[in-house]
Amino acid sequence: GINAVFGKQWYQRRVRGDDEKNLLGDARYGVMNPPMPVMHLLPDPEYEEDVSSQYDCPLYKTGERAGTLSTTGHSTNFVIKCFLPSDQPREHWIAKGTALLCQLNQ
């Protein structure tokens, strides 16, 4: 069976990937939604979050971040959270409204 997928053609909102440090970096001036590098998603039921070195970045279907609440309490626009390496505290990215998007608004 399939046990992993590659996520591609996603976009970053208010953030960029810093290729030199292999970490999240602040968005470049004037660049709104750069493409996200391909990500290998491998489910691990025993995974433990490390909020000291990762940002639990939400992935949304669209940039509107609106939707109806499902029975789980999440917006129907929410897909998953992706753990991205960071040297900034979680609050830094939350204050910026950092997220990943499956598609850009038209």
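Nothing here was measured: the structure is a model prediction, and the numbers come from that model. (Residues numbered from 1 in each chain as written. Predicted model: local features only at pLDDT ≥ 70, side-chain atom pairs only at ≥ 80, totals over all residues. Heavy atoms only, no water.)

**Details of the packing of aromatic side chains**
Any two aromatic rings considered together are summarised by their centre-to-centre distance and by the angle between their planes. What counts is decided by this rule: Any pair of Phe, Tyr and Trp rings, taking the six-membered ring for Trp, is counted once the centres come within 6.5 Å. Such a pair is stacked with planes under 30 degrees apart, edge-to-face with planes over 60 apart, and tilted for the rest. What counts as a helix is a DSSP run of H or I of at least four residues, what counts as a strand is a run of E of at least two, and both are numbered from the N terminus. Relative accessibility decides the category of a residue: with a 1.4 Å probe and only protein chains considered, values under 20% of the type maximum give buried, values over 50% give exposed, and everything between is partly exposed.
This model, assessed by the stated rule, comprises two aromatic pairs. Measuring from centroid to centroid gives 6.1 Å for Tyr-60 and Phe-78, while their planes differ by 75 degrees, and the two rings are edge-to-face. Residue Tyr-60 is found in strand β6 (residues 54-60), and its partner Phe-78 is found in strand β7 (residues 78-85); the two are separated by 18 residues along the sequence. On the basis of relative accessibility, which here comes to 21%, the residue Phe-78 falls in the partly exposed class.

**So, the environment of Tyr-29**
Note on placement: Tyr-29 falls in the loop between β4 (23-25) and β5 (39-41). For Tyr-29, a relative accessible area of 85% translates into the label exposed. Taking the C-alpha atoms as reference points, Tyr-29 and Arg-14, separated by 15 residues in sequence, lie 9.8 Å from one another.

**Describing unusual backbone geometry**
Although it is not a glycine, Asn-22 adopts a positive phi angle of roughly 60 degrees. Structurally, the position occupied by Asn-22 is in the loop between β3 (16-18) and β4.

**A short note on the nonpolar core**
What counts, and what does not: For our purposes a nonpolar core is just a set of buried Ala, Val, Leu, Ile, Met, Phe, Trp, Tyr and Cys residues, chained together by side-chain atoms within 4.5 Å. In this description, contact between two residues means that some pair of their heavy atoms is separated by no more than 4.5 Å.
Grouped together as the largest cluster of nonpolar side chains are 13 residues, with contacts concentrated most on Trp-10, Leu-24, Met-36, Met-39, Cys-82, Leu-84 and Leu-100. Mapped by element, the contributors of at least two residues to this core are β5, β6 and β7. For Trp-10, the contacting residues outside a window of four places in its chain are Pro-34, Pro-35, Met-36, Met-39, Leu-41, Leu-59, Cys-82, Leu-100, Leu-101 and Cys-102.

**With respect to the pattern of salt bridges**
Selection criterion: Here a salt bridge means any side-chain nitrogen of Lys or Arg lying within 4 Å of a carboxyl oxygen belonging to Asp or Glu.
This structure, assessed with the given rule, holds three salt bridges. In this structure, the salt-bridge partner of Lys-96 is Asp-26, at a minimum N-O distance of 3.4 Å. Separated by 70 residues along the polypeptide, Lys-96 in helix α1 (residues 90-96) and Asp-26 in the loop between β4 and β5 bring together distant segments of the chain. For Lys-96, a relative accessible area of 32% translates into the label partly exposed. A single network of salt bridges, built from pairs that share partners, joins Asp-56, Lys-81 and Arg-90.

**Observations concerning the confidence of the model for the protein chain**
Atomic detail in the predicted coordinates should be set aside for any region of low pLDDT. Inclusion rule: pLDDT expresses how confident the predictor is about each individual residue, on a scale running from 0 to 100.
Per-residue pLDDT for the protein chain averages 81, and the proportion of residues at 70 or more is 91%. Ranking the elements of the protein chain by mean pLDDT puts strand β1 (residues 5-7) last with 68 and α1 first with 91.

**Notes on the pairing of β6**
The cut-off we apply is this: Whether two strands pair depends on DSSP finding at least two bridges between them.
Of all the seven residues making up β6, seven are buried; the element is thus mostly covered by neighbouring parts of the structure. Of the two faces of β6, the one holding Gln-54, Asp-56, Pro-58 and Tyr-60 and the one holding Tyr-55, Cys-57 and Leu-59 are both buried throughout. Two elements, β6 and β7, share seven bridges in a ladder whose sense is antiparallel. In the sheet register, Gln-54 faces β7, and the bridge partner there is Pro-85.

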